[in-house]
Amino acid sequence: MTTIAIVFFSGYGHTTKQAEAVFEGASSAPGAKAKLYQINPEGDLPESAWEEISKADAIIYGSPTYMGGPAWQFKKFADASSKPWFGQAWKDKVAAGFTNSASLNGDKFSTIQYFWTLSQQHGQIWIGTGLMPANTKTHGPDDVNWTAGFAGALAISPSDASPDEAPRSGDLKTARLLGKRVAEFATRLT
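These notes cover the structure that comes with them. (Residues numbered from 1 in each chain as written. Predicted model: local features only at pLDDT ≥ 70, side-chain atom pairs only at ≥ 80, totals over all residues. Heavy atoms only, no water.)

### Topic: helix α5 (residues 108-121)
- For α5, with 14 residues, the first-to-last C-alpha span of 20 Å sits near the 20 Å given by 1.5 Å per residue.
- Of all the positions in α5, only Lys108, Thr111, Ile112, Phe115, Leu118 and Ser119 are classed as buried. When α5 is viewed along its axis, its buried side chains cluster within an angular range of 115 degrees and face the same direction. Summarising the geometry of α5, the exposed residues directed more than 90 degrees from the buried face are Phe109 and Gln121.
- Those residues of α5 hidden inside the fold are in contact with β3 (58-66), β4 (69-70), α3 (72-80), β5 (94-101), β6 (125-126) and β7 (153-156).
- Looking at the residues trailing α5, positive phi occurs at Gly123, about 75 degrees. (Helix = DSSP H or I, 4+ residues; strand = E, 2+ residues; numbered from the N terminus. Expected span 1.5 Å × (residues − 1). Buried < 20%, exposed > 50% of the residue type's maximum accessible area, 1.4 Å probe, protein only. Arc of directions from axis to C-beta. Contact = heavy atoms within 4.5 Å.)

### Concerning the side chain of Asn100
- For Asn100, the position within the fold is in strand β5.
- Judged by relative accessible area, which is 3%, Asn100 ranks as buried.
- Engagement of the side chain of Asn100 in a polar contact is seen with the side chain of Thr15, the distance being 2.8 Å.
- Looking at Asn100, its side chain comes within polar contact range of the side chain of Ser157, at 3.3 Å.
- If we ignore the near neighbours within four places in the chain, the residues touching Asn100 are His14, Thr15, Gln18, Ser63, Pro64, Thr65, Lys108, Ala155, Ile156 and Ser157. (Polar contact = N/O pair within 3.5 Å; in protein donor to acceptor, adjacent residues only side chain to side chain.)

Below, the structure written as structure tokens:
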């Protein structure tokens, strides 16, 4: 059984919804088992989560984009990952990432780039979305990869939208497809 750890922080619930979509996608891949690890408001995970994450075949990172980068709670997790880094515990594991912010751009790529750098520090194998963009006049928020994320899954959660309203269906479909792609690729490696 291939295992996928989805490690994320969510400030208002929108990233939780996106993480759940990644989880659904990863869980739908034959022979794959996914688990969500939510970083708490203090930036911590339970001690047992660290061991489980280190045993996973793939780690998918998620955080909202705040002020052009991941939330400080995610950064605290990343800094704390120096212990598994020192022992090369995450080396050769598959990695991917997802984020959302209130605006169409919101410098989301900076957050994905942060996840990519973290994955490379750990010696991981990065997987992008592998999706074509929905970029014609007929496309909109309900289409897969409407935000044109190639390096990771990007979502838009307007500042006045509740988690029941956003991310929208296209962004959630994109997140599910990313989760499934990571699980399928990790399964090929195990």
